[in-house]
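# Structural features, examined
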Amino acid sequence: MTTQAFLDETWGEVSTPGGADALDNALPQSGPGFYCKSTGRQFGRRETLRAVTAIAAEWARRHPSGPRIGITDISLRGGGPMSPHKSHQKGTDVDIRPVRNDGKEEPVNYTMPVYSRQLTQELVDLIRGNPVLQVSRVFFNDPQVKGVSPLSGHHDHMHVSFTTTPATGGSFPAAGGSYVPSAPPPQAAPGGSYVPSAPPMQAAPGGGAQNVRLGTIHATRPDGTRFTYQFTSDDLVWTARFIVGEAGGRDNADNRAVIWAMINLYGLIRHRQYPTFHGFLRAYSTPLQASLKNWGAARRHMHKPEFVKTGATYPPPAPPGIPVGQLRQFLKLQSTAWAALPQPARNLATTALTGAIPNPIGNATQFASTAVYFRDRHGRLPTDPQWTKFTQDYAKGQRWQWIGQRAGLNQRNNAFFIEDRFSKLPAGAVRVQRP
């Protein structure tokens, strides 16, 4: 059986409708290039398991004589807490053993003589360069392996966190050539924060931002928990792309407020889902998504000449067989190097992520074009009093509070809202500390 036949027979075609999110699929006890040693703890999302088996199959192609990759914990059937882990609850985290140099399929830690750093590095390169799913982080404690971050308890296994976002590459990295992530992988810090494992001055490949010392988000939630995150060069590049895609690339007061809303939303809420700020932006912003996630947006654009198919299909409730894709101009934006982005967008991204822009919207995490919503409902643009009442009513319906008129902001373009649960937070609950 070919590798592709094995993947298709085991998991079906990519994003096969039905059960993709349900944690009732278990990794087989063995397959091309891998073996399992932990019964009943290898349940995961279908695409996570497909990514794992694709990595293992590629490993088997390159190492037909072994050793195979050792897979241990993923998740329990149905998900939820799994001792002794704090993660491994959603079917996206996978523990993988380092590779030995004696060919044995047994545990090993990186301090032992039978540990192979060369083979383990090759495995990390395949994991990060896999063409199925993007990887948010890999924890492993060998300081000489690239593409990993240290974390207590990870001498003898790699903790791989897959995202639910399809990978943008079409194939594995070439043999003998390492996959190099475009920004330092995030490193866990006390209190659930993420701090890059290298200074945020590293240039991103392909003409990324260079020699820019970036700031640090400090956020305090209503329950008193705190979150800290240091911006990276990738965050800088993707913020500039966000400004181009969402705001035409202009550096003005309204767009500065939008960036602050994104910083607030990430610091108070979304960091729990996305370990990096740029990962959050790419999931939130339609122009930055690898493929259009919204069925309505996909339905509007899927027949246009500029719609590029990826080959996957949307799961229910979309009708079966609808191709996943993205508009060509958005894909081009996503690959545009820093130096080729408009100067105003670069200026705004830099001043925002270095903490040089005062916060004009307080703790607002949401914004909406309420004037457009009024027009869609009534067939005309509102007068100022009509817009004010509509905006206040809209906020009440969402359990938000409109921030009210603010000097220098034209909120008929975007009105800004504070969620009720954050309304009693003190000013400066989210701030960006300058480097």
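Coordinates for the structure precede this section.
This report concerns the structure included in the present document.

### A look at the pattern of salt bridges
Under the defined criterion, the tally for this structure stands at 11 salt bridges. Of the charged contacts in the structure, one is a salt bridge between R100 and D102, with a shortest N-O distance of 2.7 Å. Here R100 falls in the buried class, since its relative accessible area comes to 8%.

### Observations concerning the packing of aromatic side chains
Overall, the coordinates contain 20 aromatic pairs when judged by the stated rule. Between the aromatic rings of Y266 and F277, the centroid separation amounts to 5.5 Å while the plane-to-plane angle is 80°, which identifies the pairing as edge-to-face. Of this pair, Y266 sits in helix 5 (residues 253-268) while F277 is found in helix 6 (residues 277-284), placing the two residues 11 residues apart along the sequence. According to the relative accessible area criterion, F277 is buried, its value standing at 1%. With centroids separated by 6.2 Å and ring planes inclined at 50°, the aromatic side chains of Y274 and F280 adopt a geometry described as tilted. Relative accessible area serves as the criterion here: at 1%, F280 is assigned to the buried category. Taken together through their ring pairs, the aromatic side chains of F227, Y229, F231, Y266, Y274, F277, F280 and Y284 make up a single cluster.

### Some details on the sheet that holds strand 17 (residues 415-419)
The strands that make up a sheet pair up through hydrogen bonds in the backbone, lying either parallel or antiparallel. Pairing in this open sheet of 3 strands is antiparallel, and the strands run 15-17-16 from one edge to the other. Each edge of the sheet is formed by a strand with only one pairing partner; in this case those strands are strand 15 (366-368) and strand 16 (400-402). Averaged over all neighbouring strand pairs, the angle between strand axes comes to 35°, with direction disregarded. Note: strand 15 against strand 17, 3 bridges, orientation antiparallel. Bridge pairing links Q366 to F417 in strand 17. Against the sheet, helix 11 (residues 384-398) engages strand 15, strand 16 and strand 17, with an angle of about 160° to strand 16.

### Quick look at the nonpolar core
In a soluble, globular protein the nonpolar side chains are often hidden away together inside. If you look at the biggest cluster of nonpolar residues, it comprises 58 residues, and the most contacted ones within it are F231, I263, F277, I361 and F416. It is helix 5 that provides the largest number of residues to this core, a total of 10 residues. With residues up to four places along the chain from it excluded, the contact list for I361 reads A257, W260, A261, N264, I403, R406, L409 and F416. If you look at the next biggest cluster of nonpolar residues, it comprises 35 residues, including I74, Y110, L133 and V145.

### Some words on the packing of helix 4 (residues 233-247) against helix 5
For the pair helix 4 and helix 5, interaxial distance at closest approach is 11 Å and the crossing angle is 125°. Comparing the axis directions of helix 4 and helix 5 gives the class oblique. Judged by the sense of rotation from one axis to the other, the crossing of helix 4 with helix 5 is right-handed. Where helix 4 abuts helix 5, its residues T239, F242, I243 and A247 lie against N255, V258, I259 and M262. Looking at the contact of helix 4 with helix 5, its residues break down into 6 nonpolar, 2 polar and no charged.

### A short note on unusual backbone geometry
A cis geometry characterises the amide bond from G66 onward to P67, with omega recorded as 5°. Here the phi dihedral of R399 falls at roughly 65°; this positive angle occurs in a residue that is not glycine. Mapped onto the secondary structure, R399 falls in the loop between helix 11 and strand 16.

### As for the side chain of T165
On the secondary structure map, T165 appears in strand 8 (residues 158-166). The contact partners of T165, leaving out residues within four places of it in the chain, are V132, L133, Q134, A290 and K293.

### Description of the environment of W387
Counting through the fold element by element, W387 comes out in helix 11. Not counting chain neighbours up to four residues away, the residues in contact with W387 comprise T370, A371, P382, W402, Q405, Q411, R412 and A415.

### Notes on the pairing of strand 12 (residues 226-230)
The two faces of strand 12 differ: F227 and Y229 on one face are buried, but R226, T228 and Q230 on the other face are not. Sheet topology note: the strand 11 (residues 216-220)/strand 12 ladder contains 5 bridges and is antiparallel. Bridge pairing in strand 12 places I217 opposite Y229. The hairpin turn running from strand 11 into strand 12, its antiparallel successor, is 5 residues long, and G224 in that turn takes a positive phi close to 90°.

### Remarks on helix 3 (residues 117-128)
If you check helix 3, its first and last C-alpha atoms are 16 Å apart, about what 12 residues at 1.5 Å a residue would give, namely 16 Å. With 10 of its 12 residues buried, helix 3 lies for the most part within the structure. For helix 3, the complete set of buried residues consists of L119, T120, Q121, E122, L123, V124, D125, L126, I127 and R128. Close packing links the buried residues of helix 3 with helix 2 (46-62), strand 5 (69-71), strand 6 (93-96), strand 7 (133-139) and strand 8. The distance from a side-chain oxygen at the start of helix 3 to the backbone nitrogen of L119 is 3.1 Å, and the residue carrying that oxygen is S116.

Quick notes on the rules
- Residues numbered from 1 in each chain as written.
- Predicted model: local features only at pLDDT ≥ 70, side-chain atom pairs only at ≥ 80, totals over all residues.
- Heavy atoms only, no water.
- Salt bridge = Lys/Arg side-chain N within 4 Å of Asp/Glu carboxyl O.
- Buried < 20%, exposed > 50% of the residue type's maximum accessible area, 1.4 Å probe, protein only.
- Phe/Tyr/Trp six-rings, centres within 6.5 Å; stacked < 30°, edge-to-face > 60°.
- Helix = DSSP H or I, 4+ residues; strand = E, 2+ residues; numbered from the N terminus.
- Pairing = 2+ DSSP bridges.
- Axes fitted to C-alpha atoms, helices over the stretch in contact; angles between N-to-C directions.
- Contact = heavy atoms within 4.5 Å.
- Core = buried A, V, L, I, M, F, W, Y, C linked by side-chain atoms within 4.5 Å.
- Parallel < 35°, antiparallel > 145°, perpendicular 65-115°, else oblique.
- Left-handed = near helix turned anticlockwise from the far one by under 90°.
- Nonpolar A, V, L, I, M, F, W, Y, C, P; charged D, E, K, R; others polar.
- Expected span 1.5 Å × (residues − 1).
- Polar contact = N/O pair within 3.5 Å; in protein donor to acceptor, adjacent residues only side chain to side chain.

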